[in-house]
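Structure assessment
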Amino acid sequence: MLSTSLLAVCSSFVPSAWSAAVSMAPLVSPGNESAYLPGFPHPNPVKSYWQDPPHRIANLRTTPELPSETFDYVIIGSGVSGAATALKLLQRNPELSILMLEARTAASGASGRNGGHCKTGDWKQVKEWIEEYGEDEALKIGKLEQDCVDDMANFVRTYNVSSGWQDVETADLYFTKEQFEKAVATVEFQRELEARRPHDVPQNNPRTVWEGQAARDYWKWPQILGAVTYSGHTQNPYLTVCAMLELSLAKGLNLQTNTMATSLKQMSTSSSGKSLWEVSTERGTVKGNKVVLATNGFTPALHPGFASTNFLEPGRSQVSAVHPSANTSSNPVFRRSNSYPDSPSGGDYIIARAPGDVHEGDVIYGGGQQFSPTRERNITDDSVINETIAKYLRSIGRLTYGYENWGETTEVVADWVGITCYTPDGFPVVGAVPGEDGLWASVCMNGHGMAWAFRSAEALVEMMVEGEAPEWFPGPFRVERAWEANE
Ligand SMILES: Cc1cc2nc3c(=O)[nH]c(=O)nc-3n(C[C@H](O)[C@H](O)[C@H](O)COP(=O)(O)OP(=O)(O)OC[C@H]3O[C@@H](n4cnc5c(N)ncnc54)[C@H](O)[C@@H]3O)c2cc1C
Ligand SMILES: *[C@@H]1O[C@H](CO)[C@@H](O)[C@H](O)[C@H]1NC(C)=O
Ligand SMILES: *[C@@H]1O[C@H](CO)[C@@H](O)[C@H](O)[C@H]1NC(C)=O
Ligand SMILES: *[C@@H]1O[C@H](CO)[C@@H](O)[C@H](O)[C@H]1NC(C)=O
Ligand SMILES: *[C@@H]1O[C@H](CO)[C@@H](O)[C@H](O)[C@H]1NC(C)=O
Ligand SMILES: *[C@@H]1O[C@H](CO)[C@@H](O)[C@H](O)[C@H]1NC(C)=O
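Keep in mind it's a predicted model, so treat the numbers as computed, not measured.

What follows concerns the overall build of the protein chain. Across its full length, the protein chain holds 13 helices and 17 strands. At 22 Å, the protein chain has a C-alpha radius of gyration in line with the 23 Å of a compact globule built from 487 residues. Over its C-alpha atoms, taken along the principal directions, the protein chain stretches across nearly 70 × 55 × 45 Å. Residues counted as buried form 58% of the 487 residues belonging to the protein chain. Partitioning the contacts of the protein chain with sequence separation of at least 6, the portion at a separation of at least 24 is 76%. With an accessible surface of roughly 19,000 Å², the protein chain has 51% of that area assigned to carbon and sulfur atoms. Positive and negative charge centroids in the protein chain, built from 39 and 57 side chains respectively, lie 2 Å apart.

Shown next as structure tokens:
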């Protein structure tokens, strides 16, 4: 059931209510539109404001020509999945030769254009996971999520990455009694798990429940019935991932941006008995003993086997960065990041840029897919925004936070979209591609990659190097399930 008051808020947005100061984000230097292959990365994606200015490695080609040697690894995709895989491989063994192909500029996929949250959240489904997979596997999933976020935080701190990383209090806000009661029960259940299985359940992120008036006072938002707070982070994800790429480059990674892989071919094993793959690109063919797909929602286009499973569904997510006219810097309402699991548009979220940040005072609003009849699924084109969704995202902040908090007008700083990827069970697809010796994947992060991908890459690297998944790897992430689902 949707809250009628919030529905009213959402359906009341009208063009005249948004700012006169609409300024559209400029496009990146135009790619060759006529070279677009449906399902593959679009040559001319809209730019996110994280990518302004472009990073110094944005258009890097380590060698001007594509190298002809056979690499130990060819990694396709330079998002967090590909970047973390390269870095973790090279940290284990600096002797490895690794080539990375990126269709567009470095980290320009979902990783360079997301909402900026690095927080857990899927732990809320722990009861459902236990019913489906049993307690041990369910707890592995929950632990991977928290460990992944903690690892990202450690990475940023260890390497002193300047990506606007913030530790924030994050909240899930509820508008319906039914959903809030379920959330409270989940928190209680989670606490019971923490006490009963202290070694298997992270102890470092306690949740606080806010009920009724206490929640409304804290968020100054009259429609809220309750909230659950815990700790999370916000960041410029583009800069975090570019830092992973730069560290890998310093250890010998060969990065080839603006080089799209168009097909894969398994060759007979090399003279050394190792697997051997040829990857065709628009600029020629490259060779590797192992190939890693880190291609997120574009995976089915490149790999017909994955496409035939129909297990990986691409989707398009959208964000607006807006600037309230009120001075929000001393208003605590804007110092927290919020997600709305039961909002009418389905899973909206908001992040305010912190004081001192280059984007101080901006508010990033994400979500709104529910306004599209297809929920923006089965779309791989990130060269256009959806205007209907943009209208909602640009105006909803002032309506929900109230004029006293927000001010009279809203400046639209930027709108952008990115391509995500969903599986029916909500989990990434990580490991060896069945029946294709030397082909590996860590794909389809279900719109939650900042909390899944870094640890998935760790598991993948362990599988590729040690020949076995680590003990903490959750079985439900296995690649084989994409094929088993059709059996
Ligand atoms: C608008 C938006 C908001 C989001 N908000 C959040 C959030 O707040 N928190 C969160 O945790 N997650 C969020 N996500 C999801 C998160 O960004 C992704 O799950 C994560 O970045 C996926 O990382 P990845 O490396 O697997 O894929 P990507 O970052 O998409 O990288 C895949 C790369 O592969 C390249 N590629 C694909 N095919 C080929 C090919 N054939 N040849 C060469 N290169 C190829 C692509 O160009 C791309 O750069 C959001 C996503 C979007 C789009
Ligand atoms: C653009 O792509 C088309 C189709 O691949 C190709 O024929 C054409 O030469 C390209 N143009 C430029 C300027 O690269
Ligand atoms: C971390 O980075 C900041 C800004 O780039 C710099 O001022 C600082 O000296 C760095 N600290 C360390 C320990 O490297
Ligand atoms: C906003 O308010 C803070 C203190 O409340 C002040 O330091 C800052 O200068 C103000 N910013 C603007 C743009 O007025
Ligand atoms: C955006 O969503 C609307 C409806 O919500 C839909 O009709 C339209 O086709 C979408 N636009 C694009 C560019 O996909
Ligand atoms: C996805 O979109 C393509 C065309 O863009 C269409 O051919 C296909 O049937 C769609 N698949 C689903 C599952 O809707």
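Across the junction of Asp52 and Pro53, the peptide omega takes the value 5 degrees, indicating a cis bond. A positive phi angle, close to 50 degrees, is found at Asn160, a residue other than glycine. In the Ramachandran plot, Asn446 falls in the positive-phi region, its phi being about 55 degrees despite a non-glycine side chain.

Another aspect to go through is the domain arrangement of the protein chain. Parsing the protein chain into structural domains produces domain 1 (71–114 + 238–310 + 427–484) and domain 2 (154–230 + 313–422). Taking only C-alpha atoms into account, the centre of domain 1 sits 30 Å from that of domain 2. Across the contact, 19 residues belong to domain 1 and 16 residues belong to domain 2. Note on domain 1 versus domain 2: buried area summed over both sides is about 1,500 Å², and carbon and sulfur give 65% of it. Across the salt bridge formed by Arg104 and Asp382, the nearest N and O atoms sit 2.9 Å from each other. The interface formed by domain 1 and domain 2 includes 7 residue pairs in polar contact (both at pLDDT 80 or more). Of all elements in the fold, only α2 (80–92) and α7 (237–250) reach the threshold of two or more residues within the side of domain 1 that touches domain 2. Of the residues forming the side of domain 1 that touches domain 2, the biggest block, 5 residues, is contributed by α7. Partitioned by chemical class, the residues of the side of domain 1 that touches domain 2 number 10 nonpolar, 7 polar and 2 charged.

Turning our attention to the site of ligand 2. Close contacts around ligand 2 come from Asn32, Ser34 and Ala35, and that covers them all. In this structure, Asn32 approaches ligand 2 through a side-chain N or O atom, which is 2.4 Å from an oxygen atom. Between an oxygen atom of ligand 2 and a side-chain N or O atom of Ser34, the distance comes to 3.5 Å. Against a free-state accessible area of 360 Å², the protein chains account for coverage of 25% of ligand 2.

Further remarks concern the packing of aromatic side chains. One pass over the structure, following the stated rule, counts 26 aromatic pairs. Relative to Trp483, the ring of Phe306 lies with its centre 5.0 Å away and its plane at 45 degrees, an arrangement referred to as tilted. On the criterion of sequence distance, the pair formed by Phe306 in helix α9 (residues 304–309) and Trp483 in helix α13 (residues 481–484) is long-range, its members being 177 residues apart. Since its relative accessible area comes to 26%, Trp483 is described here as partly exposed.

With that settled, consider the site of ligand 4. In the vicinity of ligand 4, the residues found are Asn327, Ser329 and Ser330. Ser329 places a side-chain nitrogen or oxygen 3.4 Å from an oxygen atom of ligand 4.

Time to look at helix α12 (residues 453–466). For α12, built from 14 residues, the straight-helix expectation of 20 Å at 1.5 Å per residue is met to within 8% by its first-to-last C-alpha distance of 19 Å. Burial analysis of α12 places 11 of its 14 residues in the buried class, the great majority of the element. Among all positions of α12, only Ala453, Phe454, Arg455, Ser456, Ala457, Glu458, Ala459, Leu460, Val461, Met463 and Met464 are buried.

What follows concerns the pattern of salt bridges. If you walk through the whole model with that rule in mind, you get 30 salt bridges. Among the salt bridges present, the one from Asp147 reaches Lys143, with a minimum N-O distance of 2.8 Å. Remark: Lys143 and Asp147 occur in helix α4 (residues 135–158); sequence separation between them is 4 residues, near one turn of the helix. Residue Asp147 is classed as buried on the basis of its relative accessible area, which comes to 17%. Linking Glu480 and Arg478 is a salt bridge whose minimum nitrogen-to-oxygen distance equals 3.8 Å.

Now for the layout of surface pockets. As a volume, the second largest pocket reaches approximately 490 Å³. Lining the second largest pocket are 25 residues, and of these Pro43, Ala103, Arg104, Thr105 and Asn258 sit closest to its centre. Its residues placed into classes, the lining of the second largest pocket shows 12 nonpolar, 9 polar and 4 charged.

Between α2 and α12, whose axes approach to 8 Å, the crossing angle comes to 45 degrees. Relative to α12, the element α2 is oriented oblique. For the crossing formed where α2 meets α12, the hand is right-handed. Of the residues in α12, those touching α2 at Val80, Ser81, Ala84, Thr85, Lys88, Leu89 and Arg92 are Ala453, Phe454, Ala457, Glu458, Leu460, Val461, Glu462, Met464, Val465 and Glu466.

Definitions and cut-offs
- Residues numbered from 1 in each chain as written.
- Chains lettered and ligands numbered in written order.
- Predicted model: local features only at pLDDT ≥ 70, side-chain atom pairs only at ≥ 80, totals over all residues.
- Heavy atoms only, no water.
- Helix = DSSP H or I, 4+ residues; strand = E, 2+ residues; numbered from the N terminus.
- Rg over C-alpha atoms; globule rule 2.2 N^0.38 Å.
- Buried < 20%, exposed > 50% of the residue type's maximum accessible area, 1.4 Å probe, protein only.
- Contact = heavy atoms within 4.5 Å.
- Areas by Shrake-Rupley, 256 points an atom, 1.4 Å probe, with all protein chains shown as cover.
- Lys, Arg positive; Asp, Glu negative; His and termini not counted.
- Charge placed at Lys NZ, Arg CZ, Asp CG, Glu CD.
- Domains from an automatic or database assignment.
- Buried area = accessible area lost by both parts, 1.4 Å probe.
- Salt bridge = Lys/Arg side-chain N within 4 Å of Asp/Glu carboxyl O.
- Polar contact = N/O pair within 3.5 Å; in protein donor to acceptor, adjacent residues only side chain to side chain.
- Nonpolar A, V, L, I, M, F, W, Y, C, P; charged D, E, K, R; others polar.
- Near = heavy atom within 4 Å.
- Phe/Tyr/Trp six-rings, centres within 6.5 Å; stacked < 30°, edge-to-face > 60°.
- Expected span 1.5 Å × (residues − 1).
- 1 Å grid on protein atoms, 1.4 Å probe; cavity = no way out; pocket = protein on both sides within 12 Å on 5 of 7 lines; lining within 4 Å.
- Points joined across faces, edges and corners; volume = space filled by probe spheres on them.
- Axes fitted to C-alpha atoms, helices over the stretch in contact; angles between N-to-C directions.
- Parallel < 35°, antiparallel > 145°, perpendicular 65-115°, else oblique.
- Left-handed = near helix turned anticlockwise from the far one by under 90°.

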